[in-house]
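# Overview (structure and organization)
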Amino acid sequence: AEGASQMSPTRRKRILIVEDCQIALAAMQQLLERLGFCVDAHMDGESAMTQLALLPPRYVLVLLDLQLPGMSGYAVASWYREHVRSAAARPPWVVAISADPDVDACRDYGFDRCLPKPLTAEVVAMLSRQLLAVSAPRP
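Values in this document were obtained by computation on a predicted structure and should not be read as measured data. (Residues numbered from 1 in each chain as written. Predicted model: local features only at pLDDT ≥ 70, side-chain atom pairs only at ≥ 80, totals over all residues. Heavy atoms only, no water.)

### A look at the nonpolar core
The biggest cluster of nonpolar side chains holds 22 residues, and the ones touching the most others in it are Leu16, Leu52, Val62, Leu64, Cys106 and Phe111. Of all the elements in the fold, those that place two or more residues in this core are strand S1 (14-18), helix H3 (45-52), strand S3 (61-65), helix H4 (73-83), strand S4 (93-98) and helix H5 (103-108). If you tally residues by element for this core, the top one is H4, at 5 residues. Not counting residues up to four positions away in its chain, the partners in contact with Phe111 are Leu64, Leu66, Gly73, Tyr74, Ala77, Val94, Val95, Ala96 and Cys106. Of all hydrophobic cores here, the second largest spans 18 residues; its members include Leu31, Phe37, Trp93 and Leu131. (Core = buried A, V, L, I, M, F, W, Y, C linked by side-chain atoms within 4.5 Å. Buried < 20%, exposed > 50% of the residue type's maximum accessible area, 1.4 Å probe, protein only. Helix = DSSP H or I, 4+ residues; strand = E, 2+ residues; numbered from the N terminus. Contact = heavy atoms within 4.5 Å.)

### Considering the pairing of S1
Counted residue by residue, S1 has 4 buried out of 5 residues, so it is predominantly covered. Bridge count for S1 against strand S2 (residues 38-42) is 5 bridges, and the pairing is parallel. Directly across from Ile17, in S2, lies its bridge partner Ala41. Each parallel crossover has a hand, and the one from S1 via helix H2 (residues 22-34) to S2 is right-handed. (Pairing = 2+ DSSP bridges. Right-handed = clockwise from strand over helix to strand, strands pointing away.)

### Re the environment of Pro92
With respect to the helices and strands, Pro92 occurs in the loop between H4 and S4. Non-local contacts of Pro92, meaning those with residues more than four positions away in its chain, are made with Pro57, Tyr59, Val60, Leu61, Val62, Tyr80, Arg85 and Asp112.

Geometry only, nothing functional implied.
Have a look at this one:
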């Protein structure tokens, strides 16, 4: 099984998780690492913004909790859409995660998807398949 994960098409793909609950953060990180992704984890919006401002983008996906201390996930997504996303040739998906997601608000703030917490292995696997399909090299 170890060799299989090293051959995974996700191996070099990086994901940023922004979640202030340590238990939820660890669970999501473990699920994504099992799928072969490289995961960076942050617990607040300000440190996430520092990572998101780097160009070219390091991430294929950003999982962003909406209820963060200090700066909300909505504020991070809004900032990202206005200041960074347009400069990126292939911007990452920005996905809201919340116990009670408001799909319309997520769309208004520029999120690509909105998922309920807790994220299950099935939801993470589905998201992974969608990401790989979108980011696959074109012939």
